[in-house]
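Listed below, chain by chain, are the residues.
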Amino acid sequence: MAPVGGTAVQDHVALAEIELCGDLIIAASAARERLSLESIDEVLRVAEERSRPQ
């Protein structure tokens, strides 16, 4: 049972993954054909992530 008092725990990684899944679902539903791997990478911003310094 969750504690009363509004102490919600946020998992930022899970929230980011949910947002990316939503973006992918929107792109797939708007596409006339299957999304290419390049299109999926674009939606998921793979190139941006790879270019970020670590």
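Our subject is the structure that appears above.
Since the structure is predicted, the reported quantities are computational estimates derived from the model, not experimental observations. (Residues numbered from 1 in each chain as written. Predicted model: local features only at pLDDT ≥ 70, side-chain atom pairs only at ≥ 80, totals over all residues. Heavy atoms only, no water.)

Colleague: Got a minute to help me understand the layout of surface pockets in this structure?
Modeller: Rolled over the atoms, a probe as big as a water molecule pinpoints where empty space is left. Space inside the largest pocket adds up to approximately 150 Å³. Taken together, Ala16, Glu19, Leu20, Leu44, Arg45, Val46 and Glu49 make up the lining of the largest pocket. Every element with two or more residues in the lining of the largest pocket is listed here: helix H1 (12-30) and helix H3 (46-51). Per-element tally for the lining of the largest pocket: the top contributor is H1, with three residues. Looking at the lining of the largest pocket, its residues break down into four nonpolar, no polar and three charged. (1 Å grid on protein atoms, 1.4 Å probe; cavity = no way out; pocket = protein on both sides within 12 Å on 5 of 7 lines; lining within 4 Å. Points joined across faces, edges and corners; volume = space filled by probe spheres on them. Helix = DSSP H or I, 4+ residues; strand = E, 2+ residues; numbered from the N terminus. Nonpolar A, V, L, I, M, F, W, Y, C, P; charged D, E, K, R; others polar.)

Colleague: I keep staring at the pattern of salt bridges and nothing clicks. Help me out?
Modeller: When the charged atoms of two side chains lie near each other, side chains of opposite charge can form a pair. Here the structure, examined in full by the defined rule, presents one salt bridge. For Asp23, the salt bridge goes to Arg45, with nearest N and O atoms at 3.5 Å. Separated by 22 residues along the polypeptide, Asp23 in helix H1 and Arg45 in the loop between helix H2 (37-43) and H3 bring together distant segments of the chain. A relative accessible area of 33% places Arg45 in the partly exposed class. (Salt bridge = Lys/Arg side-chain N within 4 Å of Asp/Glu carboxyl O. Buried < 20%, exposed > 50% of the residue type's maximum accessible area, 1.4 Å probe, protein only.)

Colleague: Whenever I open this one, the environment of Val43 confuses me. Can you help?
Modeller: Residue placement: Val43 occurs in helix H2. Counting along the chain gives 19 residues from Val43 to Leu24, while the straight-line C-alpha distance between them is 6.2 Å.

Colleague: Mind showing me how you'd approach the environment of Arg45 here?
Modeller: Between the alpha carbons of Arg45 and Leu20 there is a distance of 9.0 Å; along the sequence they are 25 residues apart. Leaving out residues up to four positions away in the same chain, Arg45 has contacts with Leu20 and Asp23. (Contact = heavy atoms within 4.5 Å.)

Colleague: For this particular structure, what's the right way to read H1?
Modeller: Quick reminder: α-helices carry 3.6 residues per turn. Residues three or four places apart thus point the same way. Between the first and last C-alpha of H1 there are 27 Å, a value that for 19 residues agrees with the 27 Å anticipated at 1.5 Å per step. Between the side-chain oxygen at the start of H1 and the backbone nitrogen of Val13 there is a gap of 3.2 Å, and the oxygen is on Asp11. (Expected span 1.5 Å × (residues − 1). Polar contact = N/O pair within 3.5 Å; in protein donor to acceptor, adjacent residues only side chain to side chain.)

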